[in-house]
Amino acid sequence: MTNESYRKLTGWLLAGWFIFALVASSLHAFKTDASPARALGAAVATPLILFLLWYAGSAGFREFVLSLDPRTLTLLHAWRIAGFTFLVLYTYGILPGIFALPAGWGDIAIGATAPLVAYKLANPRHRTSFILWQALGMADLVIAVTTGTTARLIHPDGVSTAAMTVLPLSLIPTFAVPLLLIFHIIAIAQARRWPVQQAIAAHAGTKAA
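Read on for an overview of the structure. (Residues numbered from 1 in each chain as written. Predicted model: local features only at pLDDT ≥ 70, side-chain atom pairs only at ≥ 80, totals over all residues. Heavy atoms only, no water.)

1. Some remarks on the overall build of the protein chain
How we decide: Put simply, DSSP marks the helices as runs of H or I at least four residues long and the strands as runs of E at least two long, and each gets a number from the N terminus on. The cut-offs for exposure are 20% and 50% of the maximum accessible area for each residue type, with area from a 1.4 Å probe on protein chains only; residues under the lower value are buried, those over the upper are exposed, and the others partly exposed. Residue contacts follow a heavy-atom distance rule, with two residues in contact if any of their heavy atoms lie within 4.5 Å. The Shrake-Rupley method, run with a 1.4 Å probe sphere, supplies the accessible areas, and residue values consider only the shown protein chains as cover. In summary, the charge assignment counts Lys and Arg as positive and Asp and Glu as negative, without counting His or the chain termini. One atom stands in for each charge, and that atom is NZ of Lys, CZ of Arg, CG of Asp or CD of Glu.
Scanning the protein chain from terminus to terminus reveals eight helices and zero strands. Starting at the N terminus and ending at the C terminus, the protein chain contains elements arranged as α-α-α-α-α-α-α-α. Burial analysis of the protein chain (209 residues in total) assigns 40% to the buried set. Counting only contacts in the protein chain whose residues sit at least 6 apart along the sequence, the fraction spanning at least 24 positions is 79%. Split by element, the accessible area of the protein chain, about 11,200 Å² in all, is 70% carbon and sulfur. Mean positive and mean negative side-chain charge positions of the protein chain (14 and 7 charges, respectively) differ by 11 Å.

2. Digging into the layout of surface pockets
Note the following rule: Here a cavity denotes grid points, spaced 1 Å and computed from the protein atoms alone, that fit a 1.4 Å probe unable to get out, and a pocket denotes an open set having protein on both sides within 12 Å along at least 5 of 7 lines; residues with an atom within 4 Å of a point are the lining. Grid points are joined across faces, edges and corners, and a volume is the space filled by probe spheres set on the points. Ten residues, namely Ala, Val, Leu, Ile, Met, Phe, Trp, Tyr, Cys and Pro, are considered nonpolar, four, namely Asp, Glu, Lys and Arg, are considered charged, and the remaining ones, Gly among them, are considered polar.
In this structure, the largest pocket encloses a volume near 660 Å³. Residue lining of the largest pocket: 28 residues in total, with T10, L14, W17, L179 and I182 positioned closest to the centre. Of all the secondary-structure elements, those providing two or more residues to the lining of the largest pocket are α1 (3–26), α2 (38–57), α3 (59–66), α4 (70–75) and α8 (171–208). Broken down by element, the lining of the largest pocket gets its largest block of residues, eight residues, from α1. By residue class, the composition of the lining of the largest pocket is 21 nonpolar, five polar and two charged. Its boundaries defined by the atoms lining it, the second largest pocket holds a volume of some 350 Å³. Forming the walls of the second largest pocket are 25 residues, and the residues nearest its centre are F86, F99, M164, I172 and V177.

3. Details of the packing of α1 against α3
The following threshold applies: For every element, the axis is a line fit to its C-alpha atoms; helices are fit only across the contacting stretch, and the angle between N-to-C directions ranges from 0 to 180 degrees. Angular relationships are summarised with four words: roughly parallel below 35 degrees, roughly antiparallel beyond 145, roughly perpendicular across 65 to 115, and oblique for the angles in between.
It is at 9 Å that the axes of α1 and α3 come closest, and there the two elements cross at 85°. One element, α1, and the other, α3, form an angle in the roughly perpendicular class. Between α1 and α3, the residues in contact are N3, Y6, R7 and T10 and G60, F61, E63 and F64, respectively. Its residues assigned to classes, the contact of α1 with α3 comprises three nonpolar, three polar and two charged.

4. Regarding the packing of aromatic side chains
We count it as follows: Any Phe, Tyr or Trp ring, taking Trp's six-membered ring, that has another such ring centre within 6.5 Å forms a pair; planes under 30 degrees apart are called stacked, those over 60 apart edge-to-face, and the others tilted.
Applying the stated criterion across every chain, the model contains eleven aromatic pairs. Arranged with centres 3.7 Å apart and planes meeting at 0°, the rings of W54 and F61 form a pair that is stacked. Owing to a relative accessible area of 28%, W54 belongs among the partly exposed residues under this scheme. Taken together, the ring pairs connect Y6, F51, W54, Y55, F61 and F64 into an aromatic cluster.

5. Overview of the pattern of salt bridges
Quick reminder of the rule: Any Lys or Arg side-chain nitrogen found within 4 Å of a carboxyl oxygen on Asp or Glu counts as a salt bridge.
All chains considered together, the criterion is met by three salt bridges. For the salt bridge of R80 with D107, the shortest nitrogen-to-oxygen distance reads 3.2 Å. Here R80 is found in the loop between α4 and α5 (84–91), whereas its partner D107 is found in helix α6 (residues 97–121), with 27 residues between them in sequence. One salt bridge connects D140 with R80, and the closest N-O pair in it is separated by 2.6 Å. Of this pair, D140 sits in helix α7 (residues 127–154) while R80 sits in the loop between α4 and α5; the two residues are 60 residues apart in sequence, bridging distant segments of the chain. Comparing D140 with R80, the two get one shared label, buried. By sharing partners, the salt bridges in this structure join R80, D107 and D140 into a single network.

6. Here's the deal with the nonpolar core
Just so we agree on the cut-off: Throughout this description, the term nonpolar core refers to a set of buried Ala, Val, Leu, Ile, Met, Phe, Trp, Tyr and Cys residues connected via side-chain atoms within 4.5 Å.
Counting 21 residues, the largest nonpolar core has F51, F61, F64, V65 and I186 as its most contacted members. Looking at which element gives the most residues to this core, the answer is α8, with nine residues. Sequence-distant contacts of F61, defined by excluding residues within four places in its chain, comprise Y6, T10, F51, W54 and Y55. I110, V117, L121 and A191 belong to the second largest nonpolar core, which has ten residues in total.

Right, dumping it as structure tokens:
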């Protein structure tokens, strides 16, 4: 398959994934007040596992993934500035602080800095800083998922994260979070190759001279 074929296939898979998350949420498939929220955890983990298996097992898909623009992948995180919504919901007692505060402030920090990182750091000269930012973005999402699914275990009598298991908020853990984690993974994989790519380009330039 060509990169264009993978692009079309990936587009259809993303559309199907979103529709599945939307329909499942509308049928209350993830609705629960229990902790840990196993269905929600599975909704986050399953796309990640499938992506990693596909990436590891298919050279063609891996080539397509590594050809994506790291600036675009990074800039897409800018929408995470909407994490202030978690802070608002915490203020009104709809979400617990143990989840909403780190998730909200973490998303705001990543979303606010995404444009700067995309346009200034997404290049081989700033490889270490770029990878560090991507790792911090992943840590923010992992912490959010962990605290969101275990909040009631930590504070049994506190506010639950039940609001995150129904629409519209359920689309965040069932679609947005795993997709953004995948973007981070791709960007880091690309950045790890930059020194190699520079060496190849320099060698080609020397031969041409």
